[in-house]
Amino acid sequence: MRRAQEVRPEPQPPAMHSEHAPHSPPQRRTGAALLLRRLMAPGEHLMRNLRMRTKLALVAAAALVPLSLLMALSLGRLWDDRQIIQSELEGARVAKHLVGLAGTVQRHRSLVHRVAMGDTAAAGEVEDSDRKLAADVAQVAQALQGLQRLDLRDDWAQLQKQMLALSNGASDNPAAVFDSHVRAVRGLQALIETTAERTLLDLDPVAETYYLANAATHSLLQLQEATAQARALGTGILMRAGDSPHRRAAVLVTVGQMERSAADVRAQLAALQRAGGEVPGSAPQALELITRFASETQTLFAG
């Protein structure tokens, strides 16, 4: 009985070796937690002492302020994009009028040159061309008056006088008349390039729009002028049998400019296609006809 009443000690769990002992948290981790707790202590104290209504207002403000800022930034960017698009549209309208006027000047030059070379049948056409030139100049002047973002009045003032002076094209010096038309076309080309630069037409961030606008305001104008010059000079030579060799050389030089400009236009249209844009349907056929015209003109005047 005495043995039965003896309390036996409970068995102790075996001692764990050092490799099985639980790892104590690193001291630096405890220090980091204490530091974070101290930093958050003012905020914790504030939130514990605020009313629930005030807490909800703070949470709402914390969410609404960043959202409002992001919305303001987005609206500002959309407004900037709108301004750029409006500027490009205005530049495109101006460029359209100027390109049309350049074509009128080129046709006028061809007719005046034919009359100067002895084609009296073209005299009536010159009068019609004079009226068309004056009407197109007035149309461009009216279009430039209504601009809101682009101011070309100083650039256009001197060029307008030059355009109107072309109507008095009768002269004993055909070369001088021809050169005056060439200078007028170059002035229009420079004004078109100025318009494209100021309205960001040739700096559009979209690749397809960039290539299309660049071709319309640069390469196509150069190709158009080279083709018109070759046509006018070649017609004058054919009307005068036995014309001087330097006139034939001038035609051949212009044909070389045509070929280079046509190559530039093809390169830009190919880049437009690679960018996902659509090439105007008449462009390949027009380039093929211009290439054929250049080849036939070179064959005719190189011999």
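Residues numbered from 1 in each chain as written. Predicted model: local features only at pLDDT ≥ 70, side-chain atom pairs only at ≥ 80, totals over all residues. Heavy atoms only, no water.

**Student:** Before we go on, may I ask you to explain the overall build of the protein in this structure?
**Tutor:** If you tally the helices and strands in the protein, you get nine helices and zero strands. Counting helices and strands in the order they occur from the N terminus, the protein gives α-α-α-α-α-α-α-α-α. The buried share among the 303 residues of the protein stands at 32%. Counted over contacts in the protein with a minimum sequence separation of 6, partners at least 24 positions apart contribute 76%. Carbon together with sulfur atoms contributes 57% to the accessible area of the protein, which is approximately 20400 Å² in total. (Helix = DSSP H or I, 4+ residues; strand = E, 2+ residues; numbered from the N terminus. Buried < 20%, exposed > 50% of the residue type's maximum accessible area, 1.4 Å probe, protein only. Contact = heavy atoms within 4.5 Å. Areas by Shrake-Rupley, 256 points an atom, 1.4 Å probe, with all protein chains shown as cover.)

**Student:** Whenever I open this one, the environment of Leu 238 confuses me. Can you help?
**Tutor:** Mapping Leu 238 onto the fold places it in helix H7 (residues 207-239). Dropping the residues within four chain positions of it, Leu 238 is found in contact with Leu 300 and Phe 301.

**Student:** Help me out: how do you make sense of the nonpolar core in this one?
**Tutor:** In summary, soluble globular proteins display a tendency toward joint burial of nonpolar side chains. Counting residues in hydrophobic clusters, the biggest one holds 24 residues, and the most contacted among them are Leu 101, Val 105, Trp 156, Met 163 and Leu 188. Every element with two or more residues in this core is listed here: helix H3 (52-116), helix H4 (123-145), helix H5 (153-165) and helix H6 (174-198). Considering each element in turn, this core owes the most residues, six residues, to H3. Setting aside its immediate chain neighbours within four residues, Val 105 contacts Leu 133, Met 163, Leu 166, His 181, Ala 184, Val 185 and Leu 188. Ala 226, Val 265, Leu 287 and Phe 301 belong to the second largest nonpolar core, which has 21 residues in total. (Core = buried A, V, L, I, M, F, W, Y, C linked by side-chain atoms within 4.5 Å.)

**Student:** I'm lost on the packing of aromatic side chains in this one. Help?
**Tutor:** Here a ring pair, both rings aromatic, is described through the centre-centre distance and the interplanar angle of the planes. Summed over the entire model, instances satisfying the criterion amount to one aromatic pair. Summarising the aromatic geometry, the rings of Tyr 210 and Tyr 211 are spaced 5.2 Å apart at their centres and angled 65 degrees between planes, so their arrangement reads as edge-to-face. According to the relative accessible area criterion, Tyr 211 is partly exposed, its value standing at 29%. Sitting above the plane of the Phe 178 ring, Arg 109 keeps its charged end 5.3 Å from the centroid. (Phe/Tyr/Trp six-rings, centres within 6.5 Å; stacked < 30°, edge-to-face > 60°. Lys NZ or Arg CZ within 6 Å of the ring centre and 35° of its normal.)

**Student:** Just to check I follow, could you spell out the environment of Ala 95 for this structure?
**Tutor:** Structurally, Ala 95 can be placed in helix H3. Using a relative accessible area of 9% as the deciding quantity, one classes Ala 95 as buried. Sequence-wise, Ala 95 and Gln 189 are 94 residues apart; in three dimensions their C-alpha atoms are separated by 9.6 Å.

**Student:** Can you walk me through a nonpolar patch on the surface in this structure?
**Tutor:** On the surface, Leu 64, Leu 67, Leu 69, Leu 70 and Leu 73 cluster together to form a nonpolar patch covering roughly 530 Å² of accessible area. Residue placement: Leu 69 occurs in helix H3. We classify Leu 69 as exposed; its relative accessible area is 53%. (Patch = residues over 30% accessible without salt bridge, like charges linked within 9 Å, V, L, I, M, F, W, Y side chains within 5 Å. Salt bridge = Lys/Arg side-chain N within 4 Å of Asp/Glu carboxyl O.)

**Student:** How should the packing of H3 against H4 be read in this particular structure?
**Tutor:** Taken N-terminus to C-terminus, the directions of H3 and H4 make an angle of 160 degrees; their axes are 9 Å apart at the nearest point. With respect to each other, H3 and H4 are oriented roughly antiparallel. For H3 against H4, the interelement crossing comes out left-handed. Taken together, the residues that form the contact of H3 with H4 break down as 14 nonpolar, six polar and six charged. (Axes fitted to C-alpha atoms, helices over the stretch in contact; angles between N-to-C directions. Parallel < 35°, antiparallel > 145°, perpendicular 65-115°, else oblique. Left-handed = near helix turned anticlockwise from the far one by under 90°. Nonpolar A, V, L, I, M, F, W, Y, C, P; charged D, E, K, R; others polar.)

**Student:** What is the right way to look at the pattern of salt bridges in this model?
**Tutor:** Side chains carrying opposite charge are able to pair once their charged atoms draw close together. Going through the model one piece at a time under the given rule, you end up with six salt bridges. The closest approach of N and O atoms between Arg 131 and Asp 128, which form a salt bridge, is 2.2 Å. One end of the pair, Arg 131, and the other, Asp 128, are both in helix H4, three residues apart, so they sit about a helical turn from each other. Relative accessible area serves as the criterion here: at 52%, Arg 131 is assigned to the exposed category. Look at Asp 128 and you get partly exposed, because its relative accessible area is 45%. The partner of Asp 136 in a salt bridge is Lys 132, with the nearest N and O atoms 2.7 Å apart. Remark: Lys 132 and Asp 136 occur in helix H4; sequence separation between them is four residues, near one turn of the helix. Residue classification places Asp 136 among the buried residues on the basis of a relative accessible area of 10%. Residue classification places Lys 132 among the partly exposed residues on the basis of a relative accessible area of 40%.

**Student:** Help me out: how do you make sense of H7 in this one?
**Tutor:** Each α-helix winds once per 3.6 residues, and so residues spaced three or four apart point in a common direction. The end-to-end C-alpha distance of H7, which contains 33 residues, comes to 46 Å, matching closely the 48 Å that a straight helix rising 1.5 Å per residue would cover. The largest bend in H7 amounts to roughly 45 degrees and is located at Ala 215. (Expected span 1.5 Å × (residues − 1). Bend = angle between axes of the 7 residues up to and from the residue.)

**Student:** Help me understand unusual backbone geometry in this model?
**Tutor:** Glycine aside, residues mostly have negative phi, and peptide bonds are mostly found in the trans state. Phi angles above zero are rare outside glycine, and Leu 200 is one such case at about 65 degrees. Mapped onto the elements, Leu 200 comes out in the loop between H6 and H7.

Honestly, it's all geometry; don't read function into it.
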